[in-house]
Structures are given as C-alpha cells and as structure tokens.
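# A structural walkthrough
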Amino acid sequence: MSPRFYLGLAVLCALSCAAVVFWPAARPQMEERRSKPESSRKTVDVNHTVSAGQTPDFLKRMLNGEIAKLTPEQIEHYVESRGRDALSLIVASMLGDGGDKWLDEAVERFPDDPRVAAAMLIKRGGRPEAGEWIARLKEHDPGNSLGYLLAAKSALDGRDLDGAMKELSALESTRMNDFRETWQSGITDAYHSAGYQGMEAEWLGMAQTPVMSGEVMKLSAGIAEAMVAAKERGDRTKAESLGRSGVKAAELVGGRGDRDLLINQLISVSMERKLLNQLHVFDFVPGDQRIVVERLGEMDKRIARIKSVIQSHTELLPTLTESELRQYTRRVQVDGELKAMEWLVAQRQTER
C-alpha cells in the first residue's frame, strides 16, 4: 500500500479536506520511486551510524521520496521467524511486490481473523467478494465501527437505504479500529528482522502503514444525498436520523482527537462538512445543541490550525538532528502527529 506520509499533499488536504495525504513526504514522489525496477534503487546501509548533531541519512532519503524496500528473501525470513502467523503474512503481503501469495495463505489459514478481513479489503476491496469480507469483519470484530461503516457505504452504493440505516444504527455501541497500529508494529518488526536499526525501522513502519479511512470518507457523500432525498419527500424524521448517523460516523473516524492521524482528522472534518452543507446555517447540528454556522466556524479554525503547523513543520523536519528526531518521534507516538508538530515548531521558535 501507499506510504502514510503527510507533508506536501497535506497542505492541499488542509485546504480542500478531501485529498488523501501522507506524512512527511509527498505521495507522488514515493510512488514513482517504489515503482522503479530493483536495479535502479539505491542500496541502503542498514548499519550506518550518525552523530547526534547531524540529520540522519535515512531521514534525508525518506524526505527525498526514497523508501527502503525489503527483498522477497528478507520478507520470507520475517514470515518464517514469526511462525507464519496471521500478522506476518498480512505484513508480507503489504511489503512484497505481488504479495498475493502471502495474503492467500493468510486467508486459507486464518479466515476468521478480523485483521485478515481488513487486509483483504485493503488489497482487494474493489472486487465483488468485498461484501463477504465486510461481513466477516463485522462477525469477528462486532465492536469495531469499521465493518458497519463499510457495510453502510456498500448499501448506499446499491441504493439500499434501509440496509444502510440498519448498519448505521449499530454505530452507537462501537469504536473505530482501522488496525493501523497493528500494521505499523508488524511492518516495523519486519524491518528490524532485516537489520534496520532503531528509528529508521520505526519511520519505515510509519511510512508504509495503510490508511483505511479514505474509503469510509465516501460514505458521507451517500448519506448527504440520502438526506436531500428524504427532505424532498418531506420525511424529516429519516433526514434527521441520517444526519445524526453521518455526524456519528465522522466522529468515529477522528475519534482520538489530536492523537489521531492527521489524515483521519481531516477526513472526519470533510465528512461532517458534507452533511452540514445540506442544512440551513441556523439549523441545529444533528444530535447536538450547536447550530450549523457555529460548528462550521469551529471546523474552519481547526483546519487553519492544522494548515499553519504543517507549513512550519515542513520547513523544520529536514533540519532535525538525530537527538531532535528521537524526541519528535516519541512525541508522535505518545501525543499524536499534530501535537508533536506543534511542539517542534514551538521548540524552534523558542531557540530564535
């Protein structure tokens, strides 16, 4: 899957609240580098050392769009070292070119593992059998919002409004788990097994962790369309129910607040805005006591905050020393990307 890096295109996402973006280098550069044949990729010294006062070489490479790629032999060694368990097979399918053989093995050996269902939806979500894997995700991880959100989107795509309403009604008792922390841990572990050290392995893990919320984002457009249709029929009860469900879905996507991925925060705002744009500015937000114009103002302020910190952070990241990068990385893991970025900007402003 694509890297999860958030700088160049993140600014565009902050402006439009629609694009899928990555942290901290732009997606097109990375995709171009990853698509080159093996012979054209640079050899990476996984045992290099760097002075604490210098910018690590691996960070320079990653900011230049170069993602170190494991060989099939390294991936197979990782899978074997983990006893060919479900996570190692899933990670192998994400890291290896043509990873179908590992994913097929995971499906055959662990068909009831919700992580396998999620991986199938990442890799093969556009195929006719996607509905089967959504059903398995719901069955084997019933407290996870993800399965119900994807099922609701599928129902709306098929013009099955009653089916979508049924799926959305289940959201109140669920929490969102997109498995990204599991994927990231596994991918980092794979790089460790190949000899990559410390922060380099951690950043390579963060860089290549897939994000599933992009597909969920499309749900809000279907809900907004159904809201309009319900209002035109004079069915205010259904329109209000759809509005509450849509706001709940947006809330679940960005449910960890500042600690969530920036992409999830931006997608959450985009989803809610699509719904609120169908209401009068002086209507109440569905399921809330705030009025629409007030909530839109709050979202505008949040986007402005994110845009500002991303722009400053973009300039600072290539200048980090090893020591600063270590502190920054820990803050990302503990406090989330946005607060870590704000901390970095504040630190440099204090030094001036």
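Above this text is the structure in question.
Residues numbered from 1 in each chain as written. Predicted model: local features only at pLDDT ≥ 70, side-chain atom pairs only at ≥ 80, totals over all residues. Heavy atoms only, no water.

## Description of the overall build of the chain
Along the chain, the regular secondary structure elements total 18 helices and zero strands. For the chain, the residues scored as buried account for 52% of the 352 residues in total. Excluding contacts between residues fewer than 6 apart, the proportion of contacts in the chain whose partners are at least 24 apart in sequence is 68%. Of the roughly 15900 Å² of accessible surface on the chain, a fraction of 48% belongs to carbon and sulfur atoms. (Helix = DSSP H or I, 4+ residues; strand = E, 2+ residues; numbered from the N terminus. Buried < 20%, exposed > 50% of the residue type's maximum accessible area, 1.4 Å probe, protein only. Contact = heavy atoms within 4.5 Å. Areas by Shrake-Rupley, 256 points an atom, 1.4 Å probe, with all protein chains shown as cover.)

## Examining the environment of Ala119
Residue position: Ala119 is located in helix 7 (residues 114-124). Residue class for Ala119 comes out buried when judged on its relative accessible area of 0%. It is 8.0 Å that separates the C-alpha atoms of Ala119 and Leu103, two residues lying 16 residues apart in sequence. In this structure, Ala119 is in contact with Ile90, Leu103 and Trp183, ignoring residues within four places of it in sequence.

## Section: helix 17 (residues 322-335)
Taking 1.5 Å per residue, 14 residues should reach 20 Å; helix 17 reaches 20 Å between its end C-alpha atoms and fits that length. Turning to helix 17, its buried residues are Glu322, Glu324, Leu325, Tyr328, Thr329 and Val332. Down the axis of helix 17, the smallest arc covering the buried residues is 150°, so these residues share one side. Taken together, the buried residues of helix 17 touch helix 3 (57-63), helix 12 (198-207), helix 16 (292-316) and helix 18 (337-351). Downstream of helix 17 by a residue or two, Gly336 has a phi angle that is positive, lying close to 95°. (Expected span 1.5 Å × (residues − 1). Arc of directions from axis to C-beta.)

## Thoughts on the pattern of salt bridges
This model, assessed by the stated rule, comprises 32 salt bridges. Ionic pairing is found between Lys218 and Glu215, a salt bridge with its closest N-O pair at 3.2 Å. Placement of the pair is Lys218 and Glu215 together in helix 13 (residues 213-232), with a separation of three residues, close to one helical turn. Looking at Glu215, the relative accessible area reads 34%, which means it is partly exposed. Note that Asp300 is salt-bridged to Arg273, the shortest N-O span being 2.9 Å. Taken as a pair, Asp300 in helix 16 and Arg273 in helix 15 (residues 262-276) lie far apart in primary sequence, 27 residues in all. The class of Asp300 is partly exposed, set by a relative accessible area of 41%. In the salt-bridge network here, residues are joined through shared partners; they are Glu76, Glu80, Arg84, Glu105 and Arg109. (Salt bridge = Lys/Arg side-chain N within 4 Å of Asp/Glu carboxyl O.)

## Brief notes about a nonpolar patch on the surface
Among the surface-exposed residues, Val281, Phe282 and Val293 lie close enough to one another that they form a single nonpolar patch of about 270 Å² accessible area. By the element assignment, Val281 lies in the loop between helix 15 and helix 16. (Patch = residues over 30% accessible without salt bridge, like charges linked within 9 Å, V, L, I, M, F, W, Y side chains within 5 Å.)

## Focus on the packing of aromatic side chains
Tallied over the full model, the rule gives three aromatic pairs. Taking 5.7 Å as the distance between ring centres and 35° as the angle between the ring planes, the aromatic pair formed by Phe179 and Trp183 counts as tilted. Residue Phe179 shares its accessibility class with Trp183, and that shared class is buried. One Lys or Arg, Lys101, reaches over the ring of Trp102 and ends 4.6 Å from the middle of that ring. A cation over a ring is seen here: Arg136 above Trp133, with NZ or CZ 4.4 Å from the ring centre. (Phe/Tyr/Trp six-rings, centres within 6.5 Å; stacked < 30°, edge-to-face > 60°. Lys NZ or Arg CZ within 6 Å of the ring centre and 35° of its normal.)

## Concerning the packing of helix 10 (residues 161-169) against helix 14 (residues 236-253)
Closest axis-to-axis distance for the helix 10/helix 14 pair is 10 Å, and the angle between their directions is 45°. For the element pair helix 10 / helix 14, the angle class is oblique. Here the hand of the crossing between helix 10 and helix 14 comes out left-handed. On helix 14, the residues touching Leu161, Asp162, Met165 and Leu168 of helix 10 are Lys238, Ser241, Leu242 and Ser245. Here the residues of the contact of helix 10 with helix 14 are counted per class, giving four nonpolar, two polar and two charged. (Axes fitted to C-alpha atoms, helices over the stretch in contact; angles between N-to-C directions. Parallel < 35°, antiparallel > 145°, perpendicular 65-115°, else oblique. Left-handed = near helix turned anticlockwise from the far one by under 90°. Nonpolar A, V, L, I, M, F, W, Y, C, P; charged D, E, K, R; others polar.)

## Observations regarding helix 12
Within helix 12, nine of the 10 residues are buried, which leaves it mostly tucked inside the rest of the structure. When helix 12 is considered as a whole, its buried residues turn out to be Met199, Glu200, Ala201, Glu202, Trp203, Leu204, Gly205, Met206 and Ala207. Among the structural elements, helix 3, helix 11 (180-193) and helix 17 are those in contact with the buried residues of helix 12.

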